[in-house]
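Coordinate inspection notes
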Amino acid sequence: MRDAPPAGGGASRDGSNRPGKAGGVAGAAGRMRTRLIHGVAHSTRWDYSHHVVPPLTSSATFRLDSARRAALGFQEFAHDGGLPHEHPPIYIYDRLEEPTTAMLEDNLAAAEGGEMALTFASGMAAISAAICTAAPAGAHLLAHPVLYGCTYSLICGWLPRFHVIYDLVDLTDLRAIEGAIRPETRVVYFETPVNPDMKLIDIRAVREVVDRANAGRPAGERIRIIVDNTFATPFCQRPLELGADVVCQSLTKGIGGFGTDLGGAVIGPRSAHDDLILFRKDFGGSLSPKSAWPPLVYGLPTLGARMANYQKTAMRVARFLDQHEKVERVHYPGLASFPQHELAQQQMRDFNGKFAPGSMLYFLVHDPEGEGRPAEKLIDWIAENAYSITLAVSLGQIKTLIEAPFSMTHAAMPAEEKRRRGLLPGGVRLSIGLEDWHDIIEDLDDALTRI
Ligand SMILES: *Cc1c(COP(=O)(O)O)cnc(C)c1O
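Within each chain, residue numbers correspond to sequence positions counted from 1 in written order. Residues qualify for local features only when their pLDDT is at least 70, as the model is predicted, and side-chain atom pairs are given and counted only at 80 or more; totals for whole chains, interfaces and linings, by contrast, use all residues. Only hydrogens and water are set aside; all other atoms, that is, all heavy atoms of the structure, feed into the side-chain values.

Read across the sheet, 5 strands follow the order E8-E9-E12-E11-E10 without closing on themselves; strand pairing throughout is mixed. Both outer strands of the open sheet, strand E8 (327-331) and strand E10 (389-391), are each paired with one neighbouring strand and no more. Each strand axis lies, on average, 25 degrees off the axis of its neighbour in the sheet, ignoring direction. As paired elements, strand E11 (residues 400-403) and strand E12 (residues 427-431) share 3 bridges and run antiparallel to each other. The partner of Ile 402 across the bridge, within E12, is Leu 430. Any two residues whose heavy atoms approach within 4.5 Å are treated as being in contact. Angles here are taken between N-to-C directions and fall from 0 to 180 degrees, while the axes themselves are lines fitted to C-alpha atoms, restricted in helices to the stretch in contact. Labels follow the DSSP assignment, with helices taken as runs of H or I lasting at least four residues and strands as runs of E lasting at least two, numbered in each case from the N terminus. Contacting E8, E10, E11 and E12, helix H16 (residues 437-449) runs over the sheet at an angle of about 55 degrees to E10. For two strands to be treated as a pair, DSSP must find no fewer than two bridges joining them.

Here you go:
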């Protein structure tokens, strides 16, 4: 009975992904890959049990029926940790809460293994809510120096205007974290893998350092670990299980998967819910139900199938690039030569416990002058001639996308700083899609012969 699902209906640890012989689909909820497709069968969000596909409701405002029911709705809003009530939900106004986004939230919470999720209008709306609800004026934030460009300018450009100060510290250096934590530190923020250089940050190790710093602090002064899990998606990594307090996602990327809509999410403990939903209400970054529906119906349900295929191709492309004479270095967690390969194998695991190095890779084109001209030529050739690879920012879509972070997504960071942190003009970021891998490699091969 090697395939029998463990008690409680979780996924089998041997990676077989086959249902147990005796019980059909494991447990009531099924394995995570199945759950991503079927979602929550019975939603407390509304009487939608009879829909096979979740409905797209679209109503800016909701009928309140009576003053008493309206008062109850206002009274409960942001006072319940997001828990369902005895009565059907009382929706008031789209910006506060509404059923299509709420169904997506339930499924995102399940995928990330969190107690609750809240969606936002974009990844940046989610990240700013996660940070601002954890770091009031006077607080100090620690972040890894290499970050998604807009997160970098949020932390370094905007937060200081609201008297939230920061230090950028290499979070792979645990001593440095210890040394940088102050009594006012409230947030440790990072991406892993880091956008774009694919460096990994050891979530468990950061947790240990933060636990030591939190010891003896009253609840309101504890440091929160916020992890941007956009690159890995919950398919490849669940930071909450590894010690993060809160996870942010750009739904625009791997979870959305088709590139049709912007969206973001914060997933974490119930204790974070009420502040986050109030922040969303008042700063206004609510996700439209029309933009929640594609990730709910197409994105999340196909995440497992897409990621399984992205990864196979990513491994082939990484090996091809790794052996190419015009490529200096390839950063892909799946390669044995990846400097943090061991950590990758510990922390990047799919729902069945199988190694899941993801769909993103970063490589440096051989660039003797250090000005990035060969990378620029490569990208221009691809933009003009390649069929299977598109020059565009964003990632995690069914189409393979290429870009040069130094001059594009990470333009907000000063050039000197980028160079100091190992982000060079010759760096190229590749987001693998669902095309036939032969075509992707042929396009890259052609482009490399022309530089
Ligand atoms: C794109 C991205 C974001 C921002 O998401 P938007 O949906 O574009 O606002 C944040 N973090 C990472 C790692 C990203 O790639």
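Another aspect to go through is helix H7 (residues 203-214). Helix length check: H7 (12 residues) gives 16 Å between terminal C-alpha atoms against 16 Å at 1.5 Å per residue, within 8%. A 1.4 Å probe rolled over the protein chains alone gives each residue an accessible area, and that area as a share of the maximum for its type sets the label: buried under 20%, exposed over 50%, partly exposed in between. Of the residues making up H7, those classed as buried are Ile 203, Ala 205, Val 206, Arg 207, Val 209, Val 210 and Asn 214. Of the surrounding elements, those touching the buried residues of H7 are helix H6 (174-180), strand E4 (185-191), strand E5 (224-228), helix H9 (239-242) and helix H13 (341-347). Throughout this description, a polar contact denotes any pair of N or O atoms lying within 3.5 Å of each other; where both atoms belong to protein, one of them has to be capable of donating a hydrogen while the other can accept it, and for residues adjacent in sequence the pair is counted only when both atoms sit in side chains. The backbone nitrogen of Arg 204 lies 3.3 Å from a side-chain oxygen of the residue at the head of H7, namely Asp 202. Helices are assigned an expected span. That span is 1.5 Å times one less than the residue count.

A cluster of nonpolar side chains, contributed by Phe 258, Tyr 298, Ile 398 and Leu 434, occupies part of the molecular surface with about 330 Å² of accessible area. By relative accessible area, Leu 434 is classed as partly exposed at 39%. Patch membership requires more than 30% relative accessible area and the absence of a salt bridge. Residues of like charge join within 9 Å; the nonpolar side chains Val, Leu, Ile, Met, Phe, Trp and Tyr join within 5 Å. The Shrake-Rupley method, run with a 1.4 Å probe sphere, supplies the accessible areas, and residue values consider only the shown protein chains as cover. Salt bridges are defined by distance alone: a side-chain nitrogen of Lys or Arg within 4 Å of a carboxyl oxygen of Asp or Glu.

Before going further, it helps to examine the state of the cysteines. When the sulfur atoms of two cysteines come within 2.5 Å, that pair is taken as a disulfide. In this structure the tally under the stated criterion is 0 disulfides. The thiol of Cys 156 is not disulfide-bonded; the next cysteine sulfur, from Cys 150, is found 12 Å away. In this structure Cys 156 comes out as buried when scored by relative accessible area, which is 18%.

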